[in-house]
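Listed below are the residues making up each chain.
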Amino acid sequence: LPKHVAIIMDGNGRWAQRRGLPRAAGHRAGVEALRRVVAACKDLGIEYLTVFAFSTENWKRPGEEVDALMSLAVEYFNREIDVLRARGVRIRVIGDMSGLPGPVREAATRAAQETAGNSTLNLTIALNYGGRMEICRAARELASAVKSGEMNPEDITEDVFASRLYAPDIPDPDLLIRPSGEMRISNFLLWQCAYTEMWFSSVLWPDFSAEHLKQAVEDFRRRQRRFGGLG
Ligand code: IPE
Ligand code: IPE
Ligand code: MG
């Protein structure tokens, strides 16, 4: 079983377009898919689920769509806290929190605080997240530490570098799922996905079901991971 599954929740806009609905309706349906998948991960016994909800590049979208996504995020945190707490889910957010609107930041912080004691499923939501930004931020912190004499350049190993990423205690993803037919990483978990198995599907995220997740996990089980060795 993969210990950590990461998902790029993509295809909401196309799902809505095909139905003649506004893109925001696709995002709303995407939240339903997230609810299903969180429940399915718990049932399967997956320990970590990390989902890409909003990238540092998604600010390029029309203001109206960005606002709809931010409102949905607040609504999700506020509505789900009780259910997730009861189910033993720990929620947290990775990304540049300082760049998020106040209400999103507050709702995310509260959800993280109120579920901090849980450990059955670790749900991490990437919001205003960019893999390059995460790496750049770690480099900046290490540069300051060297400048202040706290460490030497030679002390910067892969482990030390990784300890400066947003959530150093979370293991690297074993399986990355991207629905919607796109076959790219779009700046998600660049450092962490060095040896992650990728699973692509043309299903649009709002149509993603527990069955799709099970299929991805089945396929993952048949893969041979070599990590550069001979397996
Ligand atoms: C994913 O769905 C949600 C976000 C990126 C915020 P999209 O909105 O990218 O949907 P498509 O790719 O346009 O169909
Ligand atoms: C990636 O999807 C980001 C999220 C799902 C939050 P995009 O729709 O933004 O990615 P591109 O633009 O197709 O690469
Ligand atoms: Mg997209």
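Within each chain, residue numbers correspond to sequence positions counted from 1 in written order. Just so you know, chain letters begin at A and ligand numbers begin at 1, following the order they were written in. Given that the model is predicted, a residue must reach a pLDDT of at least 70 before its local features are reported, and side-chain atom pairs must reach 80 or more before they are shown or counted; all residues, however, enter totals for whole chains, interfaces and linings. Side-chain measures here rest on the full set of heavy atoms in the structure, leaving out hydrogens and waters.

### Brief notes about the site of ligand 1
For clarity, the cut-off: We define proximity as follows: a residue is near a molecule or strand when any one of its heavy atoms falls within 4 Å of that partner. Polar contacts here mean pairs of N or O atoms no more than 3.5 Å apart (in protein, one a potential hydrogen donor and the other a potential acceptor; neighbouring residues in sequence count only if both atoms are side-chain atoms). With residues, only the protein chains shown are counted as cover, and all accessible areas are computed by Shrake-Rupley using a 1.4 Å probe. Runs of E in the DSSP output that reach at least two residues are strands. Runs of H or I that reach at least four are helices, and both are numbered from the N terminus.
Neighbouring residues of ligand 1: 13 residues in total, closest D10, G13, R14, R23 and R61. Take G13: an N or O atom from its main chain is 2.9 Å from an oxygen atom of ligand 1. Residue R14 places a side-chain N or O atom 2.7 Å away from an oxygen atom belonging to ligand 1. The fraction of the free accessible surface of ligand 1 (380 Å²) that becomes covered by protein chains is 87%. Broken down by secondary-structure element, the contributors of at least two residues to the shell around ligand 1 are helix 1 (12-18), helix 2 (23-44) and helix 3 (63-86).

### Description of the packing of helix 3 against helix 4 (residues 102-114)
Our working rule: With axes taken as lines fitted to C-alpha atoms, and helix axes fitted only over the stretch in contact, angles between N-to-C directions fall between 0 and 180 degrees. Oblique is the label for any angle not covered by the other classes, which are roughly parallel (under 35 degrees), roughly antiparallel (over 145) and roughly perpendicular (65 to 115). Should the near helix be turned counterclockwise from the far one by less than a right angle, the crossing is left-handed, whereas a clockwise turn marks it as right-handed. Residue contacts follow a heavy-atom distance rule, with two residues in contact if any of their heavy atoms lie within 4.5 Å. Residues are grouped as follows: Ala, Val, Leu, Ile, Met, Phe, Trp, Tyr, Cys and Pro are nonpolar; Asp, Glu, Lys and Arg are charged; all remaining types, including Gly, are polar.
Running from N to C, helix 3 and helix 4 point in directions that differ by 15°, and their axes come no closer than 9 Å. Classified by the interaxial angle, the pair formed by helix 3 and helix 4 is roughly parallel. Helix 3 and helix 4 meet at a crossing whose hand is left-handed. Between helix 3, through M70, A73, V74, F77, N78, I81 and R85, and helix 4, the contact on the second element is made entirely by P103, V104, A107, A108, R110, A111 and E114. Here the residues of the contact of helix 3 with helix 4 sort into 10 nonpolar, 1 polar and 3 charged.

### Let's talk about the sheet that holds strand 6 (residues 197-200)
As a reminder, the rule being used: Here, a strand pair is defined by DSSP locating no fewer than two bridges between the strands.
Strand order across the open sheet formed by 6 strands is 3-4-2-1-5-6, with parallel pairing between neighbours. The open sheet has two free edges, formed respectively by strand 3 (89-94) and strand 6, since each of these has just one partner strand. This sheet shows a mean twist of 20° between the axes of neighbouring strands, independent of strand direction. Bridging between strand 1 (residues 4-8) and strand 2 (residues 48-55) involves 5 bridges; their strand directions are parallel. Pairing of I8 across the sheet is with F52, part of strand 2.

### Here we look at the pairing of strand 1
We count it as follows: Exposure categories follow from relative accessible area, calculated using a 1.4 Å probe and restricted to protein chains: below 20% of the type maximum is buried, above 50% is exposed, and the middle band is partly exposed.
Within strand 1, 5 of the 5 residues are buried, which leaves it mostly tucked inside the rest of the structure. Of the two faces of strand 1, both are covered, the one formed by H4, A6 and I8 as well as the one formed by V5 and I7. With 3 bridges joining them, strand 1 and strand 5 (residues 175-178) adopt parallel strand pairing. Residue pairing in the sheet places A6 in a bridge with L176 of strand 5.

### Description of the site of ligand 2
Close to ligand 2 lie I8, M9, D10, F52, A53, F54, N58, R61, R178, R184 and S186. A distance of 3.2 Å is found between an oxygen atom of ligand 2 and a side-chain nitrogen or oxygen belonging to R61. Within the side chain of R178, one N or O atom sits 3.3 Å away from an oxygen atom of ligand 2. About the coverage of ligand 2: the protein hides 78% of its 390 Å² of free accessible area.

### Focus: the pairing of strand 2
Burial runs high along strand 2: 7 of the 8 residues are buried. Note that strand 2 and strand 4 (residues 121-129) share 7 bridges and pair parallel. Following the sheet pairing, Y48 is matched in strand 4 by N122.

### Concerning the environment of A126
Structurally, A126 is set in strand 4. By relative accessible area, which is 0% here, A126 ends up buried. In this structure the C-alpha to C-alpha distance between A126 and G63, which are 63 residues apart in sequence, comes to 20 Å. The contacts of A126, once residues within four sequence positions are left out, are V51, F52, A53, F54, I94 and F188.

### Concerning helix 7 (residues 210-222)
Threshold: Take the residue count of a helix, subtract one, and multiply by 1.5 Å to get its expected span. Within this analysis, the arc is defined by the directions that extend from the helix axis to the C-beta atoms.
Its 13 residues place the ends of helix 7 19 Å apart at the C-alpha level, agreeing with the 18 Å of an ideal helix rising 1.5 Å per residue. Listed as buried for helix 7 are L213, A216, V217 and F220. Viewed along the axis of helix 7, the buried residues span an arc of 95°, placing them on a single side of the element. Within helix 7, the exposed residues directed more than 90 degrees away from the buried face are E211 and R222. Where helix 7 is buried, its residues contact strand 1, helix 2, strand 5 and strand 6.

The analysis is restricted to geometry; functional conclusions fall outside its scope.
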